[in-house]
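# Examination of the molecular architecture
What follows is each chain in one-letter form.
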Amino acid sequence: MSSGINTNFKQYLVSAKPKGAAIPTGLQDLLLAVVNTCSTLSHEVAQGALIGLLGSAGSGNVQGEVQQKLDIIANDQLMDGVKGCHSLAGLASEEMELPVAVQGTGDYLLLFDPLDGSSNIDVNVSIGTIFSILKKQDPSAPLQTSDFLLSGRHQAAAGYVVYGPQTTMALTLGDGVVMFTLNKDTGEFLLIKDAVTIAPSTKEFAINMSNMRHWADPVRRYIEECLAGTTGTRDKDFNMRWIASMVADVHRVLSRGGVFMYPWDKRDPKKAGKLRLMYEANPMSFLVEQAGGASINGTQTIMDLQPTDLHERVSVMLGSKEEIDRLKQYHS
Ligand SMILES: O=P(O)(O)OC[C@H]1O[C@](O)(COP(=O)(O)O)[C@@H](O)[C@@H]1O
Ligand SMILES: [Mg+2]
Ligand SMILES: [Mg+2]
């Protein structure tokens, strides 16, 4: 495997014209740096135990979660991979309490979940990296934590890379969604799909059913109706999937439709949800909306939420539009 410099992806960035305009070179450089790092990470993930990547790191993150070795390795490599980007004012990660200044000033802010699906690392199930790039409001002002507290509507780009049987990236620059697959022989991402769309109706949902007794009534009603299938009001049978890596579950939704949910539940009522608004929900919502789907927390559109904390959590329901509309109606 060659380390790859992603010339194909670079070429894509040079020639793409989202909404008719060229991608600013600062954004191109940043995206390329992220994607190059993910090429390397993909190679390392595939080596797993052979290079000592599996297992717990014996530490905890700011969220109070046990960190896996790969959570830390992916975080460090992403930080290292983007440190030379001149347009990057700063970055924030699910794994770090505070943001890190890169250039201190600049047009962009990078947020990432370096390794999504941590519980799947040691069992060889798909995991991934999720990233969100925000346009900094005042590029020349020195970086502050509050600079990151922008709604998802301020994202200039968002995407994920899923390390599965294939390593595939989904990317949006605010004008549709495209997908690339990594050629593992060359380390190059190649465009495989443009104009990715999520069909408005579906017969597939994804939720951790073991939490059923803790759900709020609207979520319970929705899932009970899906489970009743042709014997109930929905009059169609539903299939269920739950990979427990958001990145892989959302990849399935982008690939063949469906609904993905990690709703608020009564286990810890003060917590808005499990998933993180800035590192998981916003970038995934941007992709889903750009593919013609929808994304809500129950009552509100996720991309419109004004964050108040870098590590804020949120209830998530996203995917095929008709199902999300139904869920919203049940919550109203
Ligand atoms: O184990 P659960 O409760 O089903 O949670 C699974 C969810 O947790 C996550 O793994 C959280 O992400 P991290 O691995 O980045 O902490 C999601 O990817 C996934 O949807
Ligand atoms: Mg995650
Ligand atoms: Mg993570």
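Conventions we followed
- Residues numbered from 1 in each chain as written.
- Chains lettered and ligands numbered in written order.
- Predicted model: local features only at pLDDT ≥ 70, side-chain atom pairs only at ≥ 80, totals over all residues.
- UniProt positions renumbered as here; feature names shortened; annotations may be inferred.
- Helix = DSSP H or I, 4+ residues; strand = E, 2+ residues; numbered from the N terminus.
- Contact = placed C-beta atoms within 7 Å.
- Buried ≥ 20, exposed ≤ 12 C-beta atoms within 10 Å, placed from the backbone.
- Pairing = 2+ DSSP bridges.
- Expected span 1.5 Å × (residues − 1).
- Arc of directions from axis to C-beta.
- Axes fitted to C-alpha atoms, helices over the stretch in contact; angles between N-to-C directions.

- Named according to an unreviewed UniProt entry, the chain is Fructose-1,6-bisphosphatase class 1 originating from Polynucleobacter campilacus.
- The Catalytic activity (unreviewed entry) field of the UniProt record for the chain holds the comment "beta-D-fructose 1,6-bisphosphate + H2O = beta-D-fructose 6-phosphate + phosphate".
- Note on the chain: under the UniProt heading Subcellular location (unreviewed entry), the record states "Cytoplasm".

### Brief notes about the environment of Val 45
- Take Val 45: it is sitting in helix H2 (residues 25–47).
- A sequence separation of 175 residues divides Val 45 from Arg 220, and the C-alpha atoms of the two residues are 37 Å apart.
- Ignoring anything within four residues of it in the chain, the contact list for Val 45 reads Ile 127 and Tyr 163.

### What about the pairing of strand E5 (residues 108–116)?
- Of all nine residues making up E5, nine are buried, and the element is well covered by its neighbours.
- With five bridges connecting them, strand E3 (residues 88–93) and E5 associate as parallel partners. Bridge pairing in E5 links Ser 93 to Phe 112.
- Relative to strand E6 (residues 127–135), E5 runs antiparallel, the two sharing seven bridges. Looking across to E6, one finds that Phe 112 is bridged to Phe 131.

### Comments concerning helix H3 (residues 69–82)
- For H3, which comprises 14 residues, the first-to-last C-alpha distance of 20 Å matches the rise-based estimate of 20 Å (1.5 Å per residue) to within 8%.
- For H3, every residue scored as buried is listed here: Leu 70, Asp 71, Ala 74, Asn 75, Leu 78 and Val 82. Along H3, the residues classed as buried sweep out an arc of 135° about the axis, all on the same side.
- Buried residues in H3 make contact with H2, strand E1 (56–60), strand E2 (66–68), E3, E5 and E6.

### With respect to the sheet that holds E5
- Sheet architecture is open: eight strands sit in the order E4-E3-E5-E6-E7-E8-E9-E10, paired in mixed fashion. Each edge of the open sheet is held by one strand with a lone partner, namely strand E4 (100–101) and strand E10 (188–193).
- Sheet topology note: the strand E7 (residues 155–163)/strand E8 (residues 167–172) ladder contains six bridges and is antiparallel. Looking at E8, one finds that Tyr 160 is bridged to Ala 170.
- Set on the sheet, H3 makes contact with E3, E4, E5 and E6; between it and E5 the angle comes to about 155°.

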